[in-house]
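Chain by chain, the residues run as shown.
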Amino acid sequence: MGWNPFNAFRLAYDESMVMRNAEALVRLGLAGKGYRYVNIDGWWLNRNADGIAIRTNLFPSAALKDGKTSFRPFVDRLHAMGLKAGIYTDIGRNNCSQHWDKDSPNLPEGTVAQREVGTMDHNRADAQMYFADWGFDFIKVDACGVADYAPGTPDVQSRRYRAVPPMIVRDNAVLSSPEALEKLYADFAIATRDAAKSEPPVLAICAWGEADVNDWAGRHGQMWRTSGDIRPTWASMLRNFDSAAPRALFAAPGRWNDPDLLEIGNGDFDGDHLTEARAHMSLWAIIAAPLMLSYDLDKAPATIHEIAGNRAVIAINQDPAGNQGIILSSEGDREVIAKQLATRGAKALALINRGDATQRLSVDLTKLELVPAATRIVNVWTGQDVAPAGKMLVVTLAPRETLLLGLEGKPIDPLAIHPAEMPARISVAEHGFKPATRTVDKPWVPARVGFSPDGAPIMVDGKHDHRALGVAAGSKVHFALNGEFRTLNVSPMVEGALRADYRIYGDGRLLHRGPADGKPLVVSVADVRQLEFVAPHHTEAMQSFVWANVGLFR
Ligand code: GLA
């Protein structure tokens, strides 16, 4: 949680604006509620023998008496305010603004080599400078340097920049090179940890959902962008939300899907659009996304600060179990997402109207595994109680309204846990089959709860199986059971009545294998720490696989 200038100012910002906003974070009580990281975007003058010189026209406190520059005074000031400090770089030689903001007066200057301010070939020295010398706590590492400087492009032909064969070809996972890109981030992550004096800094990987970043980013960083840049429009907010929402099984404490900075306070989410601002905040909260404010805190009305600072909503976002909400249903403009909280019977529920017409929406509370009559439901934004009608909760939603509810109830089966109640314990160890086209807008997610990798709901006997795991053929999915469960129930099956052999392992030992015929299995998992589901290899007729009706019993 923190603040970043980019959505409010893009690159037209300076130190006084950052400090003004940092002070506002503290004064408005937002820092006390968790918004502690104050991050900066572009800042460089050039690379020289001492490292990278800072633009002192933007950051006057960086000018030292000996003519050199340092962010130490800036970072010290933030630390003295009880805040943390974040910096920004690129995994290539050059950065995003040099390609996308050519008219900015604040681009790096000098020779080709001096303008190479990215980390490529400078990992250790740069990490030393950012963390040991300057004391930053967070770094966002962008990827334009390995995407936008291909041989033959105008920037390269004009000899302004050296070519880097692209590791990311935007919207084309097939032409991108995930292994090469992962290696760059892995090396930088090591350099970062080695340079840090105490706590390792947060590494935010900014590869915009490209190059199958989900598959590898969590091994090296704490958060990774799942899409391109958010803009202050309703459609853009939904697009970015949709890039992260189906990827719940990749998130866990310390590793988060990042649908980008918040646009609360800007454009469609400003003080005249509080329904949209609340919806945006509710959506980021329910999917446990990083909450990075990015509006001008001095200019926005109190109503916007109240939305950003709502304690109950923040508590849902920051719940210690670290479960990302799971999509329960999604039909046209109506969507329901449930987030299991750390307390056993406690959940958050987002009832979402994505469209511009009023919608009626109903949720069957038993699908949340709770006893309806014993469940207390509170509207998180108003604090008011909400009463279900029997097992159904029926609500009317205004255009673009999201109702965020807190539920406290009794599990229907106190001994059972289902995938939607434990996404932070489930992870994808091997992606398995990947179709040739998979883009941010047309994702193929290797493992999901209740839905197939292509986004279709999993139907078993004509009903949506909200306890199923839909996976890619050939995928491996892990469950961190930590020896807490006795038995596993599951019905392995292939859509279209095909047969294929699956395998289930416990701590590397084969527990079960067989033809997937949809029959329910009961497997002993006593003492198993790590359970592994291995789906059959893909064939032309079989690209995905279903682990139906999954339950773990204590
Ligand atoms: C890219 C990133 C943005 C921002 C800009 C800065 O576009 O995706 O989040 O950091 O670069 O130039």
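In this text, all values refer to a predicted model and were calculated from it rather than measured experimentally.

## Regarding the nonpolar core
Thinking step 1. Among the nonpolar cores identified, the biggest contains 146 residues, and Trp43, Phe71, Phe479, Leu531, Phe533 and Trp547 are the most heavily contacted of them.
Thinking step 2. Sequence-distant contacts of phenylalanine 71, that is, excluding residues within four places in its chain, are made with Ile40, Trp43, Ile54, Phe59, Ile87, Trp134 and Phe136.
Thinking step 3. Membership of the second largest hydrophobic core comes to 17 residues, among which are Ala338, Leu349, Leu351 and Leu361.

## Structural notes on the state of the cysteines
Thinking step 1. Overall, the coordinates contain one disulfide when judged by the stated rule.
Thinking step 2. Residue cysteine 206 stays outside any disulfide, its sulfur separated by 6.4 Å from that of cysteine 96, the closest cysteine.

## A word on the packing of aromatic side chains
Thinking step 1. The tally for this structure, following the rule as stated, stands at 25 aromatic pairs.
Thinking step 2. Ring plane angle 80° and centroid distance 5.6 Å describe the contact between phenylalanine 71 and phenylalanine 136, whose orientation is recorded as edge-to-face. Of this pair, phenylalanine 71 sits in the loop between strand E4 (51-54) and helix H3 (72-80) while phenylalanine 136 sits in the loop between helix H5 (123-133) and strand E6 (138-142), and the two are 65 residues apart along the sequence. Here phenylalanine 71 and phenylalanine 136 have matching classes, each one buried.
Thinking step 3. Ring plane angle 55° and centroid distance 4.8 Å describe the contact between phenylalanine 479 and phenylalanine 533, whose orientation is recorded as tilted. One end of the pair, phenylalanine 479, is in strand E25 (residues 476-480); the other, phenylalanine 533, is in strand E30 (residues 530-534), with 54 residues separating them in the sequence.
Thinking step 4. Assessed through its relative accessible area of 0%, phenylalanine 533 is described here as buried.
Thinking step 5. Members of the aromatic cluster, each reached through a chain of ring pairs, are Tyr13, Trp43, Trp44, Phe59, Phe71, Phe74, Tyr88, Tyr130, Phe131, Trp134 and Phe136.
Thinking step 6. Taking NZ or CZ as reference, arginine 115 lies 5.2 Å from the ring centre of tyrosine 161, over its face.

Conventions used here
Residues numbered from 1 in each chain as written. Predicted model: local features only at pLDDT ≥ 70, side-chain atom pairs only at ≥ 80, totals over all residues. Heavy atoms only, no water. Core = buried A, V, L, I, M, F, W, Y, C linked by side-chain atoms within 4.5 Å. Buried < 20%, exposed > 50% of the residue type's maximum accessible area, 1.4 Å probe, protein only. Contact = heavy atoms within 4.5 Å. Disulfide = S-S within 2.5 Å. Phe/Tyr/Trp six-rings, centres within 6.5 Å; stacked < 30°, edge-to-face > 60°. Helix = DSSP H or I, 4+ residues; strand = E, 2+ residues; numbered from the N terminus. Lys NZ or Arg CZ within 6 Å of the ring centre and 35° of its normal.

Honestly, it's all geometry; don't read function into it.
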